[in-house]
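Here is what each chain is made of, one letter per residue.
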Amino acid sequence: GFRPPPGLLPPPGLENIVEVDDGEQGVPLPPGLGLWPEGDLPKPPQPFSVASFRRELVKIIQELGIDHNTGKAVQRIREQQVPASMHRAEFVDLLTRAMETRNGMVRRLLVAFVVGLAAGSPSAFQRASCLEGVGEFFDEVFPELGGDVKALPAIVIAELLP
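Below, the structure is looked at part by part. (Residues numbered from 1 in each chain as written. Predicted model: local features only at pLDDT ≥ 70, side-chain atom pairs only at ≥ 80, totals over all residues. Heavy atoms only, no water.)

Counting its regular elements, the protein contains six helices and two strands. Looking at the protein residue by residue over its 162 residues, the buried ones come to 28%. Across the protein, every contact between residues at least 6 apart in sequence was considered, and the portion connecting residues at least 24 apart equals 59%. Within the structure as shown, the protein displays about 10900 Å² of accessible surface, and the carbon and sulfur contribution to it stands at 59%. (Helix = DSSP H or I, 4+ residues; strand = E, 2+ residues; numbered from the N terminus. Buried < 20%, exposed > 50% of the residue type's maximum accessible area, 1.4 Å probe, protein only. Contact = heavy atoms within 4.5 Å. Areas by Shrake-Rupley, 256 points an atom, 1.4 Å probe, with all protein chains shown as cover.)

The structure is reproduced here in structure tokens:
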């Protein structure tokens, strides 16, 4: 087995080498990489729930304003496994929320987050659905939202259009 030379300590990380049952040397697995203890098995994915998704979405948007990590926010949406049939509507909703946000920095983060839903490989939302959502936003939401958000045309030009 492994023995450091007389008078020397084992190198860092090798001090925990243990004997394995068959007499061979083995290194214990780091915490969290061992077998799952009884009762602590990972939970199987739950079926999609609109209510759960909405709750998680609120948390994601709140945390985005704090940690500014759009990639993490997109990943959390990806983990929600939103059904493809809902991608367009959710994209429009999120784009609308972004345009309604008064704080410019948070609004730009939300725009980056919304765009990130269509980006990446694999994307969190189907790109075709997101494109349809952009069309719906400009056809249906933009005219009405312009009455509430006076600076909307300038915001769209400066922050949404390439």
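Tallying each qualifying case throughout the model produces ten salt bridges. As a salt-bridge pair, E63 and R76 come within 2.5 Å of each other at their nearest N and O atoms. Here E63, found in helix α1 (residues 50-67), pairs with R76, found in helix α2 (residues 70-80); they are 13 residues apart in sequence, far enough to count as distant. Salt bridges sharing common partners tie together E56, E63, D67, K72 and R76. (Salt bridge = Lys/Arg side-chain N within 4 Å of Asp/Glu carboxyl O.)

Before going further, it helps to spend a moment on the packing of aromatic side chains. One pair of aromatic rings is described through two measures. These are the centre distance and the angle between the planes. Scanning the entire structure with this criterion turns up four aromatic pairs. For the pair F48 and F53, a centre-to-centre distance of 5.7 Å together with 45 degrees between the ring planes defines the contact as tilted. With a relative accessible area of 26%, F48 lands in the partly exposed category. Seen in terms of ring centroids, F138 and F142 are 5.7 Å apart; in terms of plane orientation they differ by 45 degrees. Their pairing is tilted. Highlighted residues: F138 and F142, both in helix α5 (residues 127-148), separated by four residues, approximately one helical turn. Overall, F138 belongs to the partly exposed group, its relative accessible area being 28%. Judged by its relative accessible area of 24%, F142 is partly exposed. Connected via pairs of aromatic rings, a cluster forms that spans F137, F138 and F142. (Phe/Tyr/Trp six-rings, centres within 6.5 Å; stacked < 30°, edge-to-face > 60°.)

Empty space within the largest pocket amounts to approximately 240 Å³. Taken together, 13 residues make up the lining of the largest pocket; nearest its centre are F91, L95, V115, V134 and L160. Of all the secondary-structure elements, those providing two or more residues to the lining of the largest pocket are α3 (87-100), α4 (104-118) and α5. At five residues, α5 tops the list of elements feeding residues into the lining of the largest pocket. A per-class count over the lining of the largest pocket returns twelve nonpolar, no polar and one charged. (1 Å grid on protein atoms, 1.4 Å probe; cavity = no way out; pocket = protein on both sides within 12 Å on 5 of 7 lines; lining within 4 Å. Points joined across faces, edges and corners; volume = space filled by probe spheres on them. Nonpolar A, V, L, I, M, F, W, Y, C, P; charged D, E, K, R; others polar.)

Before going further, it helps to examine empty space enclosed by the protein. Per the stated rule, a full pass over the model turns up one cavity of 30 Å³ or more. As a volume, the largest cavity reaches approximately 30 Å³. Residue lining of the largest cavity: I60, E63, L64, D67, N69, K72, A73 and R76, and that is the complete set. Secondary structure elements with two or more residues in the lining of the largest cavity: α1 and α2. Of the residues in the lining of the largest cavity, the class split is three nonpolar, one polar and four charged.

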